[in-house]
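Fold and contact review
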Amino acid sequence: MKKRSTSIDSLKNLFRIREFGVLVALILLCVFLSFASPYFLKPMNIFNVLRQISIIGILAVGQCLVIIIGCLDLSAGTTMGLMGVLCAIFIGFGIPPIVAFVLVIASGALIGTVNGLLVTRFGVNAFIVTLGMQYIARSVALLITGGIPVKMDSPLAFLGGGYIGAVPMSVIIMGAIVLLGWLFSTKTLLGRNIFIVGSNEKAAKLSGIRAGNVKMMVFIIMGSLAGLSGIILTGMLKTAEPSAGLGYELEAIAAVIIGGTSLSGGEGSIFGAIIGAALMGVLKNGFVLLGVSGYWQMFALGVVIIMAVLVDSMNTMKSSC
Amino acid sequence: MKKRSTSIDSLKNLFRIREFGVLVALILLCVFLSFASPYFLKPMNIFNVLRQISIIGILAVGQCLVIIIGCLDLSAGTTMGLMGVLCAIFIGFGIPPIVAFVLVIASGALIGTVNGLLVTRFGVNAFIVTLGMQYIARSVALLITGGIPVKMDSPLAFLGGGYIGAVPMSVIIMGAIVLLGWLFSTKTLLGRNIFIVGSNEKAAKLSGIRAGNVKMMVFIIMGSLAGLSGIILTGMLKTAEPSAGLGYELEAIAAVIIGGTSLSGGEGSIFGAIIGAALMGVLKNGFVLLGVSGYWQMFALGVVIIMAVLVDSMNTMKSSC
Amino acid sequence: MGKKVLETKSIIKRFPGVTALEDVSFCLYEGEVHALIGENGAGKSTLMNILSGVFTPCTGNIFMFEEEVVFKDSKAAYEKGLSMIHQELALACSVSVAENVFLGRLKKNRLGLVDNKKMERECQKIFDKYNIKHINPSEKVKHLSTSKMQLVEIAKALSRESKIIIMDEPTASLTKSEVENLLDVIRVLKEKGVAIIYISHRLDEVEEIADRITVFRDGQLIKTMVNEGISTKEMAQLMVGRELDDSYNRCHQHHEYQQEIVLKVSGLKNKNIHDVNFELHKGEILGLTGLVGSGRTEVVEAIFGKDSLDEGTITIKNQVVRIRDSRDAIECGIGLVPEGRKTQGLFLNRSVKENISILNLQYNGGMINQKKENSNVAELIKKFNVKTPNHEQKIQYLSGGNQQKAVIARCLLNKPEILILDEPTHGVDIGAKMEIYQIIDELAASGVSIILISSEMQEILMMCDRVLVMHNGTINGTLSKEDVEQEKIVLLATDQVR
Amino acid sequence: ASKKEEKGTETKESDSQEVGTKEPVQVDIPLPAGGNVKAEVVADEELRIAFLSFQNNPFWNAIKEGNLEAGKYLENYNTQVDYIVMGEELTSAKVTAAIDAAITKEYDAIVVVPIFDGVEVFTDKAIDAGIAVGNYCAEGPNPGNRMFFYGQNGYAAGQLAGELLQQHTDSVGKVGVITGVFGAPIHDARMNGALDYLKENCPDIEIIGPFENKDKGETAYSQTMDMLTANPELKMVYVTAGGPFGAAKAIQDLGLTGEVGVIAYDHIPDNLDYVKSGEILGLINQDPFGQGFDTVVIMHNYLTTGKKPESTFIEAALDVVTPDDVGEFYPRYK
Ligand SMILES: Nc1ncnc2c1ncn2[C@@H]1O[C@H](COP(=O)(O)OP(=O)(O)OP(=O)(O)O)[C@@H](O)[C@H]1O
Ligand SMILES: Nc1ncnc2c1ncn2[C@@H]1O[C@H](COP(=O)(O)OP(=O)(O)OP(=O)(O)O)[C@@H](O)[C@H]1O
Ligand SMILES: [Mg+2]
Ligand SMILES: [Mg+2]
């Protein structure tokens, strides 16, 4: 009896993975759009969509880890903005691109470290820490630029605006980050510990896991990824806007949750997060392709966000008898 | 031995209540401002500050309940904006103020009901539901007005812009809501059930508490309070701006958390939320009185938000050692 | 025998991957104590959850007071006159004890407002009535120890004064005197015509209190019998479905611990304990017992670095060690199976595999060797006979006993030299218990030193080379194997000897 | 306090002809470059003017510059100008809170950017308290009793943009529209001004959008890319608020410079670069320096002499730079 059921079980499992519902929603949306607009399936458009989601996608990878440990990082967006500005300024100082790259990532990691320290060593709620940091990062970006966008002309801009063949560089980077993130979260010890700490911090501590350090690392990773996406953002337009980034954190959080990661921690998937980001990206692309009027765009976005998750939750509800 | 310790215990308790740290922060800030600006303690300024926090304060009461049951309502701000618009439109139709008032509150409750239904009956994550609703409410407000602000001239505006003596009406309403909210959350059956469901939903269900209904009620209350604050907002300016409200939800959430309510649910206090709202309100008032530069305002806001909670968490950490 | 108050016909319940109940027909009479026994995962709790409206059966009917009922939630069942003590404590931790006792039916005053004072008074009355001591009704539940929480859970169900009370392992974390107390309460209830379903893995309790006994195995009702002249051994055999070799007894094994002292603690003191001194020898099984709240858990948590110490030293193999957190403790070769498996032991939404391997993985470098992980886990699952459809199953869907086995398995993968077991057989069935005893014994024989905390007198008497009895945060006496007797332990634990 | 109140009521009722009983003192300080209005007399008692502004993008920097200049200039005329930042997010709550604070601090006059409809409830409260109020930059359709509005007429500016769009499209073809924030009055006015103009004068123009970019360059970049994907024959992109350089960059990246153009607002460096390189074909300005400078000088003149400006609407100069003349306006783009 046991043997017979395994193949059915694995099929059932496939249908039960939380990403599945959203993947279906994404595919349905794509099918619809490919009929509704002749441009949707053009390779150029597909690369455009991918490029448009690349920044949110990279942030979502970090945010996914943060959510798995049971926190939220509201500072990711403005940290990205600040890092973009720093990048342009470093280049402006004549610092070589590679060094500037490393410095920016390190600065991002530093902000992550501060967040992490406040959360783990001082026990401040992560929501509040990162909300405060959201303001601080934004204000620093504005203070050091005086609010004026900074031009950046450097080979470094290739990361954001360059193409390899027809493929935007930023898409390649996103792909790499997603792959790394997936490997990290499923194959490495630290990755595993992230899930464990998110699932039950007390028990994790009793299992000899320094939960504080694990959380710390997650914030540092998030900060570094914000640094990376800051570089890409600045490279895309060859300009660093000091007020850029606000709102990206919420979009990344939405992507993660749409992708099936639970806000209560301990569960989640990097691929899900990317599917969530893609869903929102395709939707926005669709609006422009179809010329949907402005106010209705917002309406549709709201409805689709809810629907994507609704399908999934109804599935889960049904499966339990 | 027991008797002797009680008075010391209650003193200790007073110092350990989570609101206490923030209250101290608030008082320190007020003392500082009263020295830094001769205008701060003028009755007129004090009423101004109170009036400025009245809307966030009312939203924070609702948000506090939502957070106690372990959710977040991201739609509260734009729902408020939509309700303000509806209010002005109803009045424009010639509907009598009292009827309009009731209709708006009912509409707010309706939006809360939709949120609640999706969360409790369809099992969709509250973050996603209310994020979607945030977009939907905003788009509906823009769609029905075409983006154009709506004037409202009606006795109903007294609720937002009127004064009784020197006291702004909106402050009186906020006071009443806080008091009611406190009574409700500590003394009524439903209020206690909110804490119980937030603390352990499963246990609540096993004990025969219909947790779904409790959550539902909380979303309905939040929606009604968004309606009320929409009326006040519109009354204050005698104009309903269709795009108003976005961002208020986050400020209310911040107020609640600063006030010591934990995001994991089951614990929290209405008074704490109001103190949190007051802290941010006084801070902003201080910026304007002292003429702090815009970018530094943001910086200071970020630092103070973190500090207010930091003091508190360090206290808690120490005591649990 | 009185009237039938409860009957089920052909209940079937399936979960994804498991059939928890197969065609169960069962009945309960007025004024009887009906014990359910069965191995972990046999389906006892599932049936109870169906009776109390938590789960709906896939097929089958329930009759209560001779009329068919369909409960849509536990409120409906409660209103019909059925209440339940849940195996997994169903308490709201951030509100007060009194509110928990009156969960779902808070007391109101004349204005319709919730009346805390009144509730606390009535809660105290209930505690007095059922002889529950040392719990302050106004305290928040999260500040209570596991066993006090268990007492609150019991008080909650008893105070409802229902016609039918289901008790799903009510005594799992209680000590002897509290168990006696509960059994007395049950006798009184029975007199009043209350029907009680009593689930326990402690078969001596079953033998003592039950009128009839029903045995479950693999989701099936095997047999219902009148409790007359049935020995615990027979019960156990019915449960596991085969001849159990003679009930496990360590005395038969004859091995002595070695004299080498591996752990020595002196003068331990923090806010819950004071002046704790003892030594642990190589290969010794040292029992630590006492009443609820006597500080047993606090002692081992202090050693394990969970709580900080105010004073005192810990010496391991003649070296004074400083243990700041659990990681230090583990690196010193200490392993801990904590009490409260749900709160401190399990990663509920992670897989069985991860739950077992996590401790071991910490010391194996940055990458996870999945092959090795899988084989290690498979071996342990087999060795401990953990019942799970597959290794990737979320551990929250396992039965309580199987969860507990997984937690013990976790510690062993790491090969500790000193193993601390805090209520290791909490909620574990007799078969598994024997297996756990066997493992403990083997470990001791191979030179692992063990500290065993247990509230079960039988376990302490049978397993331990020496027994420390705690009272009020300090060690009140040490009994060597020769001296150990139930009466002596009770006297020391209640501080009636000098 | 009573002194000031007295003065307030006085100025209101009698149009304040007899404020200066003494001989008014005249000093002659040269106007700084960019200023258009001269101060007339020295105040005999120190006057305080609150200038309420925002700070979130370079546009406000130019206003601040003008205002700080005005502060220095008016020091010579015994008037103190306080440049006050209301915050960095544009909300009516910020504006009303700042007006309240200015009333509390008993300024003689307030110059404010109200932006939102309904703020007049508060400016009128200030006027009732004897404080003169002038608006600049952006105000709602019901401005209340403020003395003047100095700024761009958003709708008129939109119409001007419409004209430019007409020129560059020869009245046919597709125009994409990207607006800042839906519901922000000035953005909507600029958007509707252009849309109405095009509807009336060139019905053959097809409008794509509008899309909301929340003032973000990156979003404008993506939206422009997408619009060009779906509408390869797109001729122009009209950006009503922040981030037009994103649209320009998209055109540049697609190699469509010269084929597709952008019409947008504000002479700030990141936009001007693309005027120079030819993607932005028309950039409309609204004299931010003058908004910061002239407004307070007008206020000073009113407080000292009682003279109100001739019209309640003082239109800020609507300059348009194009790739051809950007070098004349801004020498570094020669
Ligand atoms: N919610 C659930 N989802 C999936 N499987 C479940 C769920 N609850 C129980 N099971 C499975 O049903 C079976 C019966 O479990 P149940 O809890 O009834 O056992 P039990 O007899 O009470 O055991 P124990 O003595 O360990 O408490 C087990 O195999 C368990 O894994
Ligand atoms: N987190 C806490 N906060 C307050 N008091 C606590 C806490 N943890 C334990 N205590 C108290 O410390 C005392 C010792 O508890 P401990 O858990 O060590 O007892 P125990 O002998 O292990 O009993 P149990 O059978 O309850 O596990 C008890 O009175 C308990 O209420
Ligand atoms: Mg069970
Ligand atoms: Mg214990």
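Residues numbered from 1 in each chain as written. Chains lettered and ligands numbered in written order. Predicted model: local features only at pLDDT ≥ 70, side-chain atom pairs only at ≥ 80, totals over all residues. Heavy atoms only, no water.

Looking at an unreviewed UniProt entry, one finds chain C named Sugar ABC transporter ATP-binding protein and attributed to Vallitalea pronyensis. As its UniProt record puts it under Subcellular location (unreviewed entry), chain C is described as follows: "Cell membrane". (UniProt positions renumbered as here; feature names shortened; annotations may be inferred.)

Moving on, we get to the overall build of chain C. The helix and strand inventory of chain C stands at 17 helices and 20 strands. Here the C-alpha atoms of chain C give a radius of gyration of 23 Å, agreeing with the 23 Å that 2.2 N^0.38 yields for 498 residues. C-alpha extents for chain C along the principal axes are approximately 70 × 50 × 50 Å. Look at the contacts in chain C between residues 6 or more apart in sequence, and 68% of them connect residues 24 or more apart. Total accessible area on chain C is roughly 20,000 Å²; 47% of this is exposed by carbon and sulfur atoms. Across chain C, the centroid of the 64 positively charged side chains sits 6 Å from that of the 70 negatively charged ones. (Helix = DSSP H or I, 4+ residues; strand = E, 2+ residues; numbered from the N terminus. Rg over C-alpha atoms; globule rule 2.2 N^0.38 Å. Contact = heavy atoms within 4.5 Å. Areas by Shrake-Rupley, 256 points an atom, 1.4 Å probe, with all protein chains shown as cover. Lys, Arg positive; Asp, Glu negative; His and termini not counted. Charge placed at Lys NZ, Arg CZ, Asp CG, Glu CD.)

Bringing the coordination of the magnesium ion (ligand 4) into the picture now. Residue and element names in this part refer to chain C. Looking at the metal site, the magnesium ion (ligand 4) is ligated by Thr 297 (OG1) and Glu 339 (OE), spaced 1.8 to 2.5 Å from it. Taken as a pair, Thr 297 in helix α9 (residues 296-303) and Glu 339 in the loop between β16 (334-337) and α11 (341-345) lie far apart in primary sequence, 42 residues in all. Its relative accessible area of 15% is what places Glu 339 among the buried residues. (Donors = N, O, S within 2.8 Å, 3.2 Å for Na, K, Ca; no water. Buried < 20%, exposed > 50% of the residue type's maximum accessible area, 1.4 Å probe, protein only.)

Another point: the site of ligand 2. Residue and element names in this part refer to chain C. Close to ligand 2 lie 14 residues; Ser 145, Ser 147, Arg 296, Thr 297 and Glu 298 are nearest. Here an oxygen atom of ligand 2 sits 3.1 Å away from a polar atom, N or O, in the side chain of Asn 272. At a separation of 2.8 Å, an oxygen atom of ligand 2 approaches a polar backbone atom of Gly 295. Compared with its free state, where it exposes 630 Å², ligand 2 has 76% of that area covered by protein. Those elements that place two or more of their residues in the shell around ligand 2 are α5 (146-158) and α9. No other element matches α9, which puts three residues into the shell around ligand 2. (Near = heavy atom within 4 Å. Polar contact = N/O pair within 3.5 Å; in protein donor to acceptor, adjacent residues only side chain to side chain.)

Another aspect to go through is the pairing of strand β6 (residues 82-85) of chain C. Two faces make up the sheet, and in a regular strand the side chains alternate between them. All names here are of chain C. Of the two faces of β6, the one carrying Leu 82 and Met 84 and the one carrying Ser 83 and Ile 85 are both buried. Here four bridges tie β6 to strand β7 (residues 164-168), and the two strands are oriented parallel to one another. Each residue of the ladder has a partner; that of Met 84, found in β7, is Ile 166. (Pairing = 2+ DSSP bridges.)

This paragraph deals with the interface of chain B and chain D. On the side of chain D, 37 residues touch chain B, which itself brings 30 residues to the contact. Summing both partners gives a buried area of about 2,700 Å² for chain B against chain D, and 54% of it is carried by carbon and sulfur. Interface area lost by chain B to chain D is led by Tyr 39, Leu 237 and Val 288 of chain B, which between them contribute 20%. Put simply, chain B and chain D have four salt bridges between them. (Buried area = accessible area lost by both parts, 1.4 Å probe. Salt bridge = Lys/Arg side-chain N within 4 Å of Asp/Glu carboxyl O.)

So, about the coordination of the magnesium ion (ligand 3). Coordination of the magnesium ion (ligand 3) by the protein comes from Ser 45 of chain C (OG) and Gln 87 of chain C (OE1), over a distance range of 1.8 to 2.1 Å. Separated by 42 residues along the polypeptide, Ser 45 of chain C in helix α1 (residues 44-51) and Gln 87 of chain C in the loop between β6 and α3 (97-101) bring together distant segments of the chain.

On to the relation of the copies chain B and chain A, then. Here two copies of a chain appear, and what relates them is a rotation about an axis with a shift along it. In screw terms, the move from chain B to chain A is a rotation of 180° and a rise of 0.0 Å along the axis, fitting with an RMSD of 0.1 Å. These values place the two chain copies in the arrangement generated by a two-fold rotation axis. For chain B, the residue whose C-alpha comes nearest the rotation axis is Ser 264 of chain B, separated from it by 4.1 Å. Here 100% of the interface residues in chain B have copies in chain A that are interface residues too; the copies meet face to matching face. (Least-squares fit on C-alpha atoms with pLDDT ≥ 70 in both.)

With that out of the way, let us pick up the sheet that holds strand β12 (residues 276-281) of chain C. All names here are of chain C. Sheet architecture is open: four strands sit in the order β12-β11-β14-β15, paired in antiparallel fashion. At either end of the open sheet lies a strand with only one pairing partner, and these are β12 and β15 (319-321). Ignoring strand direction, the axes of neighbouring strands in this sheet form an average angle of 20°. Relative to β12, strand β11 (residues 261-269) runs antiparallel, the two being bridged by five bridges. Residue pairing for β12: Leu 263 is matched across the bridge by Leu 280. (Axes fitted to C-alpha atoms, helices over the stretch in contact; angles between N-to-C directions.)

Inspection of every chain in the model, using the stated rule, returns 14 aromatic pairs over all chains. Relative to Tyr 136 of chain D, the ring of Phe 51 of chain D lies with its centre 4.6 Å away and its plane at 15°, an arrangement referred to as stacked. With Phe 51 of chain D in strand β1 (residues 47-53) and Tyr 136 of chain D in strand β4 (residues 132-136), this pair connects stretches of sequence that are 85 residues apart. Chaining the aromatic ring pairs together yields one cluster made of Tyr 73, Tyr 77, Phe 289 and Phe 293 of chain D. Directly above the aromatic system of Tyr 78 of chain C lies the positively charged group of Arg 160 of chain C, at a separation of 4.1 Å from the ring centroid. Above the ring of Tyr 107 of chain D, the side-chain terminus of Arg 48 of chain D is found at 4.4 Å from the ring centroid. (Phe/Tyr/Trp six-rings, centres within 6.5 Å; stacked < 30°, edge-to-face > 60°. Lys NZ or Arg CZ within 6 Å of the ring centre and 35° of its normal.)

Residue and element names in this part refer to chain A. Judged by side-chain polarity, Leu 179, Leu 180, Trp 182, Leu 183 and Phe 271 come together as a nonpolar surface patch covering roughly 460 Å² of accessible area. Of all the elements, helix α8 (residues 169-187) adds the most residues to the nonpolar patch, at four residues. Note that Trp 182 resides in helix α8. (Patch = residues over 30% accessible without salt bridge, like charges linked within 9 Å, V, L, I, M, F, W, Y side chains within 5 Å.)

All names here are of chain C. Counting through the fold element by element, Thr 214 comes out in strand β9 (residues 212-217). Relative accessible area serves as the criterion here: at 0%, Thr 214 is assigned to the buried category. At a separation of 2.5 Å, a polar atom in the side chain of Thr 214 contacts the side chain of His 34. In this view, Thr 214 contacts Phe 26, His 34, Ala 35, Leu 36, Ile 37, Leu 221, Lys 223 and Thr 224; residues no more than four positions away in its chain are not counted.

Right, let's get into the site of ligand 1. Residues and elements named next belong to chain C. In the region of ligand 1, 19 residues are neighbours, and Asn 40, Gly 41, Ser 45, Thr 46 and Tyr 397 sit closest. Gly 41 is positioned with one of its backbone polar atoms (N or O) 2.8 Å from an oxygen atom of ligand 1. Broken down by secondary-structure element, the contributors of at least two residues to the shell around ligand 1 are β2 (18-29), α1 and α14 (400-412). When residues in the shell around ligand 1 are grouped by element, the largest group, three residues, is from α1. Here the residues of the shell around ligand 1 sort into six nonpolar, 10 polar and three charged. (Nonpolar A, V, L, I, M, F, W, Y, C, P; charged D, E, K, R; others polar.)

A few words now on the pattern of salt bridges. In this structure the tally under the stated criterion is 46 salt bridges over all chains. Measuring nitrogen to oxygen at the nearest pair gives 2.6 Å for the salt bridge that ties Asp 73 of chain C to Arg 210 of chain B. Pair noted here: Asp 73 of chain C is in the loop between β5 (67-69) and α2 (74-80) and Arg 210 of chain B is in the loop between α10 (201-206) and α11 (211-237), and the two residues belong to different chains.

Residue and element names in this part refer to chain D. Across the sheet, six strands lie side by side as β7-β6-β8-β9-β10-β12; this open sheet has mixed pairing. Only two strands of the sheet have a single partner each, and these edge strands are β7 (205-212) and β12 (320-321). The sheet contact formed by strand β10 (residues 280-284) and β12 spans two bridges and is antiparallel. Directly across from Ile 284, in β12, lies its bridge partner Val 320.

Residues and elements named next belong to chain C. Note: β11 against strand β14 (residues 311-316), five bridges, orientation antiparallel. Its bridge partner lying in β14, Leu 263 is registered against Ile 316. Where β14 meets β15, three bridges bridge the pair, whose relative direction is antiparallel. Looking at the pairing, Ile 316 lines up with Gln 319 of β15. Connecting β14 to the next strand, β15, in antiparallel fashion are two residues, including Lys 317 with a positive phi near 45°.

Next up on the list: helix α6 (residues 126-145) of chain B. All names here are of chain B. Relative to the 28 Å expected for 20 residues at 1.5 Å per residue, α6 spans 28 Å between its end C-alpha atoms, a close match to the ideal helical length. Most of α6 is tucked away: 17 of the 20 residues are buried. One or two positions beyond α6, positive phi appears at Gly 146, with a value near 65°. (Expected span 1.5 Å × (residues − 1).)

Quick look at a negative patch on the surface now. Residue and element names in this part refer to chain C. Together, Glu 256, Glu 482, Asp 483, Glu 485 and Glu 487 line one region of the surface with negative charge. Mapping Glu 487 onto the fold places it in helix α17 (residues 486-493). By relative accessible area, which is 52% here, Glu 487 ends up exposed.

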